[in-house]
Amino acid sequence: MDHMGQAVSEAVRGATGAGAGAYVARRRAVGVVPWGVAAGAAAWCLAGSRRAAHMENYPWNVWTPIGYGAVKGVFLGLLAGWCAVLSLRAGRAVCRTEGSGTARFAGLVFGGGLLGGVVPGSVRDFMGAPQPRTLYYFDGPRPESEWYWRPLLSEWLTYTVLPALGCAVLLTVGALVSARSSRRESAGWAVPALVGAGLLFLPHYAAAGLPTPQGNGDHVNESASAGLVVVATGLGLLVSAWVAWSRRKRSAARSGPYPSHRAGEPPSAQ
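All values reported here derive from a predicted model rather than from experimental measurement.

A. Quick peek at the packing of helix α2 (residues 32–54) against helix α7 (residues 187–206). Taken N-terminus to C-terminus, the directions of α2 and α7 make an angle of 25°; their axes are 8 Å apart at the nearest point. Viewed along their axes, α2 and α7 adopt a mutual orientation that is roughly parallel. Remark: the crossing between α2 and α7 carries left-handed chirality. Residue-level inspection shows P34, W35, A38, A41 and C45 of α2 in contact with α7, the latter providing A187, G188, V191, P192, V195 and L202.

B. Just the packing of helix α3 (residues 64–91) against α7, in detail. Running from amino to carboxyl end, α3 crosses α7 at an angle of 160°, the nearest separation of the two axes being 10 Å. If you check the angle between α3 and α7, you find them roughly antiparallel. Where α3 crosses over α7, the two elements pack in a sense that is right-handed. Counting all contacts with α3, which are made through I66, G67, A70 and V74, the residues of α7 involved are L199, L202 and A206. The residue inventory of the contact of α3 with α7, partitioned by class, reads 6 nonpolar, 1 polar and no charged.

C. Representation of the pattern of salt bridges in the model. A full pass over the atoms with the stated rule returns 2 salt bridges. Among the ionic pairs, E155 bridges to R51, the shortest N-O distance being 2.8 Å. A residue pair is termed long-range when its members are at least 10 positions apart, and E155 in helix α6 (residues 150–180) and R51 in helix α2 qualify at 104 residues. A salt bridge links R124 to D125, with the nearest nitrogen and oxygen atoms 2.9 Å apart. A relative accessible area of 33% places R124 in the partly exposed class. On the accessibility criterion, D125 (0% relative accessible area) is buried.

D. Molecular detail of the packing of aromatic side chains. Here the structure, examined in full by the defined rule, presents 1 aromatic pair. When the centroid spacing of 5.4 Å and the interplanar angle of 75° are considered together, the rings of F126 and W156 count as edge-to-face. In this pair, F126 sits in helix α4 (residues 98–127) while W156 sits in helix α6, placing the two residues 30 residues apart along the sequence. Accessibility expressed as a relative area gives 35% for F126, which makes it partly exposed. Sitting above the plane of the Y159 ring, R51 keeps its charged end 3.9 Å from the centroid.

Analysis parameters
Residues numbered from 1 in each chain as written. Predicted model: local features only at pLDDT ≥ 70, side-chain atom pairs only at ≥ 80, totals over all residues. Heavy atoms only, no water. Axes fitted to C-alpha atoms, helices over the stretch in contact; angles between N-to-C directions. Helix = DSSP H or I, 4+ residues; strand = E, 2+ residues; numbered from the N terminus. Parallel < 35°, antiparallel > 145°, perpendicular 65-115°, else oblique. Left-handed = near helix turned anticlockwise from the far one by under 90°. Contact = heavy atoms within 4.5 Å. Nonpolar A, V, L, I, M, F, W, Y, C, P; charged D, E, K, R; others polar. Salt bridge = Lys/Arg side-chain N within 4 Å of Asp/Glu carboxyl O. Buried < 20%, exposed > 50% of the residue type's maximum accessible area, 1.4 Å probe, protein only. Phe/Tyr/Trp six-rings, centres within 6.5 Å; stacked < 30°, edge-to-face > 60°. Lys NZ or Arg CZ within 6 Å of the ring centre and 35° of its normal.

Shown next as structure tokens:
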């Protein structure tokens, strides 16, 4: 009986430890994807700002690279966030000691986020046609002899690698902040809400002080369509934030004012 009781006790401790590890891994991954969206929007918005500042012969709608960069960053940041989560799951990032666990968690998030942010642009740059608007707005399609090597590497490093690197760094910092915060679940709705609200104001502030769109109708329409894309993306983020907030509120209401031990979570995790 003593041997049987000892075996049962060890099995229970092992199951509890496995549950605790799964809980810690899930808990630390909360908020990674929303932070990826915020990091991507910031990183590629800055890349679009640089393109707008250095693109010559582009006087009518110079703010549009900023808006399109922010929108592209939302989707690339979403991809980077999901790649970071998949990297965490594949690496089984469970903190056993505070130092090594945090370092491993940060490395997996950074590696997954960088991979998700750099791959789509790299495929476009190296597998697609030569980009026509690298330096001048009125450039036609560049022949391969004038595109590959220096122009291609410059475009790839400036507008693909550097934004992806910045997105990965910001994503890692945000994920670490969420992992250490007691209100980490609020990142699922608060971060997209802030990004969405920022996108609603972006067309006004990005175009402030710039010349009014003029010339033919295509230029005016392009500037207006860019604003619509930015606003639509911002509204989409606000709706998703509201849905996440509603689900969290309903979940809190079902759990009651005194949350008890939930299935699959160790009592020590409460």
